[in-house]
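# Chain and residue survey
Each chain, written out:
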Amino acid sequence: MSPFRSDGSLGEVNVELRNTDEQARTFHLALETESGMLDWKSHHTDASVNEQVTITPDEDVSPVALHGAVGDFAGSVNILGVGELDEDYCLRFHFWYAHPADERPQLAQAADIEC
């Protein structure tokens, strides 16, 4: 049994894209599950705009990681802590083009799992 298995089901993955740059950027996202990688999706985001993106799996899947790329940055966040959930849940992430603290791209999971 995988450490990510739970009695609850993943409802959706919400990613807030934050383009803090002065020009439009294209963010690329993919959810990795125990069954493999879901299709990469691209989202063109205008300058100085925050955009909410929702990934809704077609079936009950156990999430492993969220992968993202923008400009020269590529990263991923391993999804931990959902293996013991016995209720349905959603995942939330923030994906910055340039984080205010260090002015570099950042992909991070939010602690909130409520839908």
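What you are looking at is a predicted structure, and each value in this text was computed from that prediction instead of being measured.

### Observations concerning the overall build of the protein chain
For the protein chain, the helix and strand inventory stands at zero helices and nine strands. The secondary structure elements of the protein chain, listed N-terminal to C-terminal, are β-β-β-β-β-β-β-β-β. Against the compact-globule benchmark of 13 Å for 115 residues, the protein chain has a radius of gyration of 14 Å, which places it among compact chains. C-alpha extents for the protein chain along the principal axes are approximately 45 × 25 × 20 Å. Expressed as a percentage of its 115 residues, the buried residues of the protein chain come to 42%. Sequence separation of 24 or more characterises 65% of the internal contacts of the protein chain that already satisfy a separation of 6 or more. Carbon and sulfur atoms make up 43% of the accessible area of the protein chain, which amounts to about 6600 Å² in all. Within the protein chain, one finds 6 positive and 22 negative side-chain charges whose respective centroids are separated by 5 Å.

### Quick look at the sheet that holds strand 5 (residues 49–55)
The four strands lie next to each other as 5-1-8-9, forming an open sheet whose pairing is mixed. The sheet is open, and its two edges are formed by strand 5 and strand 9 (106–109), each paired on a single side. Taken over all neighbouring pairs, the strand axes of this sheet differ in orientation by 20 degrees on average, direction set aside. Across seven bridges, the pairing between strand 1 (residues 10–19) and strand 5 is antiparallel. Bridged to Glu 16 within strand 5 is Gln 52.

### Section: the packing of aromatic side chains
In this structure the tally under the stated criterion is two aromatic pairs. For the ring pair Phe 27 and Phe 95, a centre distance of 5.1 Å and an interplane angle of 75 degrees mean the geometry is edge-to-face. Note that Phe 27 is positioned in strand 2 (residues 25–33) and Phe 95 in strand 8 (residues 89–96), a separation of 68 residues in sequence. Grouping residues by exposure puts Phe 27 and Phe 95 together as buried.

### Digging into the confidence of the model for the protein chain
Here the protein chain averages 89 in pLDDT, and 94% of its residues register 70 or above. The low-confidence segment residues 1–5, where pLDDT is below 50, has 14 contacts with residues more than four positions distant or belonging to other chains.

### A short note on the pattern of salt bridges
For side chains of opposite charge, pairing can occur when their charged atoms come near one another. Tallying each qualifying case throughout the model produces four salt bridges. Close ionic contact of Asp 112 with Arg 92 constitutes a salt bridge, the shortest N to O distance being 3.8 Å. Placement of the pair is Asp 112 in the segment after strand 9 and Arg 92 in strand 8, with a sequence separation of 20 residues. Judged by relative accessible area, which is 36%, Asp 112 ranks as partly exposed. On the basis of relative accessible area, Arg 92 is assigned to the partly exposed category, the value being 26%.

Conventions and cut-offs
- Residues numbered from 1 in each chain as written.
- Predicted model: local features only at pLDDT ≥ 70, side-chain atom pairs only at ≥ 80, totals over all residues.
- Heavy atoms only, no water.
- Helix = DSSP H or I, 4+ residues; strand = E, 2+ residues; numbered from the N terminus.
- Rg over C-alpha atoms; globule rule 2.2 N^0.38 Å.
- Buried < 20%, exposed > 50% of the residue type's maximum accessible area, 1.4 Å probe, protein only.
- Contact = heavy atoms within 4.5 Å.
- Areas by Shrake-Rupley, 256 points an atom, 1.4 Å probe, with all protein chains shown as cover.
- Lys, Arg positive; Asp, Glu negative; His and termini not counted.
- Charge placed at Lys NZ, Arg CZ, Asp CG, Glu CD.
- Pairing = 2+ DSSP bridges.
- Axes fitted to C-alpha atoms, helices over the stretch in contact; angles between N-to-C directions.
- Phe/Tyr/Trp six-rings, centres within 6.5 Å; stacked < 30°, edge-to-face > 60°.
- pLDDT = per-residue confidence, 0-100.
- Salt bridge = Lys/Arg side-chain N within 4 Å of Asp/Glu carboxyl O.

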